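Inside the fold
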Amino acid sequence: MADLRITVWNEGRHEQKDERVRRVYPDGIGGALAAALREVPAAVLRAARLDDPEQGLSEAALAETDVLVWWSHVAHAEVSDESARRVQNRVLDGMGLIVLHSACESKPFRFLMGTTGRLKWRDAGEREILWIVKPKHPIVQGLDGHFVIEREEMYGEYWDVPEPDELIFISSFAGGEVFRSGCCWTRGAGKIFYFRPGHESYPTYFHPQVRRVLCNAARWAAPVPGAPPAFGNRKTGWL
Ligand code: ZN
């Protein structure tokens, strides 16, 4: 099996500033995500952060990435347009992108979707139930029906995104709201999966079913081998 090169890009700001987040994620949110994704067969993991040179998103780094996993929240605006465009272009070229939780308002995701990604929210440590609405999809392999996260932030509809190509999960929350919490899109040759859970103050990325979804999604989002499509002027006909 060929290596699957996964880059975990974590904004890395909550961990610097908030002792409560450090207690939940001693190795950072990126560290917990990487630990989960090590279960993917043949995975080769690399960590990147906003404070790295070129924001961890250089042409070279992206060229060596098959699947980019992205967590961000408070510093969306610090990601430069140039960095976000590089991510966008690499997705169009075939790189998979897994967008987590509050990264629904990140620049690369907004550039790819063409919408604001805004939603309703409430941080009250509510129970979240994730209902599988696309059984047999590769992203829910090994899961059955639904699973529960005891304490999470609530996200509610309406969420400003284009109609997903495939809807995998709908969440319901103790307060009554619902949310499209697992969605797939393609842009160009790249596959994009948005997965809702993962507020920084809850240990969500240690949850076994959440980890299973992350691993399944990384495999699903892997680039499909094959020649790229040909474009441009054709001076003669095909025959
Ligand atoms: Zn949050």
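Residues numbered from 1 in each chain as written. Predicted model: local features only at pLDDT ≥ 70, side-chain atom pairs only at ≥ 80, totals over all residues. Heavy atoms only, no water.

A separate point is the overall build of the protein. When you go through the protein residue by residue, the secondary structure sums to seven helices and nine strands. Against the globule reference of 18 Å for 239 residues, the protein gives a C-alpha radius of gyration of 18 Å, in line with a compact fold. Referenced to the eigenvectors of the C-alpha coordinate spread, the extents of the protein come out at roughly 65 × 40 × 35 Å. Per-residue burial for the protein yields a buried fraction of 53% across its 239 residues. Relative to all contacts within the protein whose residues are 6 or more apart in sequence, the contacts with residues 24 or more apart total 73%. In the structure as shown, the protein presents an accessible area of about 11500 Å², 53% of it carried by carbon and sulfur atoms. Separation of charge centres in the protein, based on 30 positive and 32 negative side chains, amounts to 3 Å. (Helix = DSSP H or I, 4+ residues; strand = E, 2+ residues; numbered from the N terminus. Rg over C-alpha atoms; globule rule 2.2 N^0.38 Å. Buried < 20%, exposed > 50% of the residue type's maximum accessible area, 1.4 Å probe, protein only. Contact = heavy atoms within 4.5 Å. Areas by Shrake-Rupley, 256 points an atom, 1.4 Å probe, with all protein chains shown as cover. Lys, Arg positive; Asp, Glu negative; His and termini not counted. Charge placed at Lys NZ, Arg CZ, Asp CG, Glu CD.)

The subject of this paragraph is the nonpolar core. Core analysis: the largest hydrophobic core is formed by 38 residues, its most contacted members being F169, F193, F195 and Y205. Ranked by the residues each element gives to this core, the list is headed by helix α7 (residues 208–220), at seven residues. Of all hydrophobic cores here, the second largest spans 32 residues; its members include L62, F111, V161 and F179. (Core = buried A, V, L, I, M, F, W, Y, C linked by side-chain atoms within 4.5 Å.)

The next thing to look at is the packing of helix α3 (residues 28–37) against α7. As a packed pair, α3 and α7 sit with axes 9 Å apart at the nearest point and diverge in direction by 70 degrees. Taken together, the axis directions place α3 and α7 in an arrangement best described as roughly perpendicular. Regarding α3 and α7, the two cross each other, and that crossing is right-handed. Contact with α3, carried on its side by A32, L33, A35, A36 and L37, involves R211, L214, C215 and A218 of α7 and no other residues of that element. (Axes fitted to C-alpha atoms, helices over the stretch in contact; angles between N-to-C directions. Parallel < 35°, antiparallel > 145°, perpendicular 65-115°, else oblique. Left-handed = near helix turned anticlockwise from the far one by under 90°.)

Below, the discussion takes up α3. Burial runs high along α3: eight of the ten residues are buried. If you check which residues of α3 are buried, you get G28, I29, G30, A32, L33, A34, A36 and L37. Buried positions along α3 lie against β1 (4–10), α1 (14–17), β2 (43–49), β3 (67–71), β4 (96–100) and α7.

Right, let's talk about the coordination of the zinc ion for a bit. In the first shell of the zinc ion, the protein supplies H101 (NE2), E153 (OE) and H199 (ND1), at 2.0 to 2.1 Å from the metal. Each donor residue of the zinc ion belongs to the same chain, and together they define the spacing H-x51-E-x45-H. Separated by 98 residues along the polypeptide, H101 in the loop between β4 and α6 (107–113) and H199 in the loop between β9 (190–195) and α7 bring together distant segments of the chain. Owing to a relative accessible area of 1%, H101 belongs among the buried residues under this scheme. Its relative accessible area of 6% is what places H199 among the buried residues. (Donors = N, O, S within 2.8 Å, 3.2 Å for Na, K, Ca; no water.)

A few words now on the sheet that holds strand β7 (residues 166–173). With mixed pairing, nine strands are arranged side by side in an open sheet as β2-β1-β3-β4-β9-β8-β7-β5-β6. The open sheet terminates on both sides in strands that have one partner only, identified here as β2 and β6 (146–156). In this sheet, neighbouring strand axes are inclined to one another by 25 degrees on average, regardless of whether the strands run parallel or antiparallel. Where β4 lies against β9, four bridges are found, and the strand directions are parallel. Across the sheet, the residue bridging to I98 is F193, located in β9. Contacts from helix α5 (residues 81–92) reach β3, β4, β8 (178–187) and β9 within the one sheet, and its direction differs from that of β9 by about 120 degrees. Where α7 meets the sheet, it contacts β1, β3, β4, β6, β7, β8 and β9, and its direction lies at approximately 170 degrees from that of β9. (Pairing = 2+ DSSP bridges.)

Any functional reading would require information beyond the geometric quantities listed.
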